[in-house]
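A closer look at the structure
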Amino acid sequence: MESVIVLWSAAAAAAMVLAVLCGLMWLMDRRDTASLMLCILGISTAAAAYVELGLMHARTPEEFGAWIRWYHLPLFPALVAQVFFVHFYLESSTKWLMWGVVLTRSFIFIANFLLQPNYHFSSIESVHFVSVLGAQVSAIEHAVPRRGLQSIAVLSLLLLFLYVMSAAVRCWRKGGAEQRRRALAVGLAEGLPMLLTILYGQLVIFGVLGGPISNIPWFLGALLIMGYVSVHDFVLSRRARLEAAELRSQLAQIERINLLGRLASALSHELSQPMSAMSLNLGAALKRLKQAPPDTAELAAILNDVDNDNDRAIDIIKRIRQLFKQRAIELNPIRVEDAVKNAVSLAEAEAKAKSVALQLGIPPGLPLVSGDSIHLSQVLLNLLMNGIQAVQSRPADARQIVIEARADLAKGEVEVCVRDSGPGVPGTIVHRIFDPLFTTKPEGMGMGLAISHTIIEAHGGRLWVGKDAGQEGAAFHFTLRAA
Ligand code: ADP
């Protein structure tokens, strides 16, 4: 008997450890109902191991019958927990099969406590001892099974098997590596031991096999594999959450630095004009004051000009602050053409001053895209300004930037490309250009591409650089989802 006690106690201890682990995972994330189900399965498995030891110790048919009766107390939650575990873990179960299992098991659970000696047998005449793992354990010798009720029990278990396998197949068919991994884990951890245990249990009940009644290998096997998979998922998702939080805080920091830089340069550029006008006027006013007698009418006119310039400066500060106020991305159906034209109108003066020809190739009838026009104009402006700087190494008549767009109806996307005739992005730095603060320019901030990348990702698109075949220079592509 010793070896059986040691093994079953170890199984109960392992089940409890897994139950505590899964319970903790559920406490940390209450949406993780699958872990709660594993926790219930763990507790039920430990209780089932205790009852099975009682069964194996039973000396009389009455004692044996009573233990089978009590066996339903952990069996019911163990089976129902597995049903709901599959439901929450695979998210692709068949509802009628699920409720079919729950209803039949509830019926068996209630009927079991209304019948003597238990649900499965109308009478147990004798028990005898059989050898299991070198120990003598109690097993049925002569008993009369309730054939009608037993067929309902078999049906409920077959429904359970069908339910688990159909959920695994449906999950597998969804495609995706993650779905397939989950489907395989459930199919192997649940389906296989379940089928073997159902077969074995029926052979024992109908007297074909003389071994002890036990579901522990099934429950513990399922618990071990599913517990391992869940802990693995939990660790991965926690790591992903931490990385995402870190990335978000880095991006927020980057956005702040970038905003500050742009705010400073926009302010200095816009304010230089009214400030120098004020300085000139104040110089003129001082000169007039030194005259005797001072021309008060002219002085009043000069001070009036200073006042006007001061108002203009205040106005500029207000307008620029408004422009740079942090705003979240708002996705609306917009025309790519509008965002392109917007960016081109902003870059036009710079392009002209630096002898760069801007060329548009936007076909008519492009589908609307889901986007934030201000943010997209910002991305295009960044790419255009980089292009303008890149083509400066070329002779004036070879400085060109082409902006093209095309629809990919199969993918439901629109792809935009900004291509320049510059030297292209050297292979040695191409993997770093989207990194924040990476720049090769003496006056660069290294933020334009990092911000653009974030904006396009927030739109659910991709931004990448390529060197298009037969073309010189860099080609920046990005995709946007059709609205
Ligand atoms: P910045 O323009 O301030 O350097 P970006 O993030 O916009 O910051 O660009 C990062 C780097 O990517 C640039 O310093 C440059 O080396 C490279 N790069 C960007 N656009 C181009 C381009 N059109 N052609 C060649 N290199 C480019």
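Here's what I pulled together on the structure shown here.

What counts, and at which threshold
Residues numbered from 1 in each chain as written. Predicted model: local features only at pLDDT ≥ 70, side-chain atom pairs only at ≥ 80, totals over all residues. Heavy atoms only, no water. Helix = DSSP H or I, 4+ residues; strand = E, 2+ residues; numbered from the N terminus. Rg over C-alpha atoms; globule rule 2.2 N^0.38 Å. Buried < 20%, exposed > 50% of the residue type's maximum accessible area, 1.4 Å probe, protein only. Contact = heavy atoms within 4.5 Å. Areas by Shrake-Rupley, 256 points an atom, 1.4 Å probe, with all protein chains shown as cover. Lys, Arg positive; Asp, Glu negative; His and termini not counted. Charge placed at Lys NZ, Arg CZ, Asp CG, Glu CD. Near = heavy atom within 4 Å. Polar contact = N/O pair within 3.5 Å; in protein donor to acceptor, adjacent residues only side chain to side chain. Nonpolar A, V, L, I, M, F, W, Y, C, P; charged D, E, K, R; others polar. Disulfide = S-S within 2.5 Å. Pairing = 2+ DSSP bridges. Axes fitted to C-alpha atoms, helices over the stretch in contact; angles between N-to-C directions. Parallel < 35°, antiparallel > 145°, perpendicular 65-115°, else oblique. Left-handed = near helix turned anticlockwise from the far one by under 90°. Expected span 1.5 Å × (residues − 1). Bend = angle between axes of the 7 residues up to and from the residue.

Our next topic: the overall build of the chain. Regarding its fold elements, the chain presents 11 helices and nine strands. For 483 residues, the compact-globule formula gives about 23 Å, and the C-alpha radius of gyration of the chain, at 38 Å, lies well above that figure. By principal-axis analysis of the C-alpha atoms, the chain measures approximately 130 × 60 × 40 Å. Taking all 483 residues of the chain together, 43% fall into the buried category. Long-range contacts, defined here as pairs at least 24 residues apart, represent 72% of the contacts in the chain between residues at least 6 apart. Entry remark: accessible area of the chain is about 25,300 Å², with carbon and sulfur atoms responsible for 63%. For the chain, the separation between the mean place of its 43 positive charges and that of its 40 negative charges on side chains is 2 Å.

Every one of the 19 residues lining the ligand counts as a neighbour, but Asn386, Asp420, Thr439, Thr440 and Lys441 are closest to it. For the ligand, a nitrogen atom lies 2.8 Å from a polar atom in the side chain of Asp420. The separation between an oxygen atom of the ligand and a polar side-chain atom of Thr440 is 2.5 Å. For the shell around the ligand, the secondary-structure elements that each account for two or more residues are helix 10 (373-390) and helix 11 (448-458). Here the residues of the shell around the ligand are counted per class, giving 10 nonpolar, seven polar and two charged.

With that settled, consider the state of the cysteines. For the coordinates displayed, the defined rule picks out zero disulfides. Between Cys171, a free cysteine, and Cys22, which holds the nearest cysteine sulfur, the sulfur-to-sulfur gap is 19 Å.

The next point concerns the pairing of strand 1 (residues 121-132). Summarising the sheet, strand 1 and strand 2 (residues 135-145) pair through 10 bridges and their orientation is antiparallel. Paired with Val127 across the strands is Ile140, a residue of strand 2. In this antiparallel pair of consecutive strands, strand 1 and strand 2, the connection spans two residues, and Leu133 shows a positive phi of 50°.

Following both chains from N to C, one finds helix 2 (residues 33-57) and helix 3 (residues 61-90) inclined at 160°, their axes separated by 8 Å at the closest point. On the basis of the axis angle, helix 2 is roughly antiparallel to helix 3. The crossing of helix 2 and helix 3 is left-handed.

This part takes up helix 9 (residues 336-353). Over its 18 residues, helix 9 runs 26 Å from end to end, which matches the ideal 26 Å to within 8%, given 1.5 Å per residue. The largest bend along helix 9 measures about 45° and falls at Ala347. Ser355 lies just past helix 9 and shows a positive phi near 55°.

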